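Listed here are the chains, written in short residue letters.
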Amino acid sequence: MMKKTHLMFGILFFLICNIYFKFPLELSIFALVGAIFPDLDLKFMHRKILHNLWVLGILINIMLYNPWYQINTIAIIIFSLGFISHLLEIGRASCRERV
């Protein structure tokens with residue numbers, strides 16, 4: 001998948017969720033970061049390290065219990081939406097490739 005596709009799908013997923021939850025639009029940057037975060041392992045073992053929900057759980061705990069800087073809980077939720085949108089898009093593309 002292309003980075004542009006991940007970003008567009010992340011924003012689309014954020015906007016759909018925004019219909020129900022009314023998130024502040026200025027926090028959409030967290031959806032973008034979450035949508036491309038799993039591809040940080042692109043140079044190494046791609047889709048082996050960062051493309052799973054365990055990593056998301058660890059990141060959420062790091063962001064929630066960071067003693068140096070408090071991150072807005074809504075921003076963490078939006079980051080998680082972007083991350084999950086990346087995984088859903090990879091799954092959708094994988095299913096399409098199998099057919």
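Rules of the game
- Residues numbered from 1 in each chain as written.
- Predicted model: local features only at pLDDT ≥ 70, side-chain atom pairs only at ≥ 80, totals over all residues.
- Heavy atoms only, no water.
- Helix = DSSP H or I, 4+ residues; strand = E, 2+ residues; numbered from the N terminus.
- Buried < 20%, exposed > 50% of the residue type's maximum accessible area, 1.4 Å probe, protein only.
- Contact = heavy atoms within 4.5 Å.
- Areas by Shrake-Rupley, 256 points an atom, 1.4 Å probe, with all protein chains shown as cover.

A. Region of the structure containing the overall build of the protein. Summing up its helical and strand segments, the protein has four helices and zero strands in all. Along the chain direction, N to C, the helices and strands of the protein fall in the order α-α-α-α. The 99 residues of the protein split such that 35% are buried. Counting only contacts in the protein whose residues sit at least 6 apart along the sequence, the fraction spanning at least 24 positions is 66%. Of the roughly 6900 Å² that the protein leaves accessible, carbon and sulfur atoms contribute 72%.

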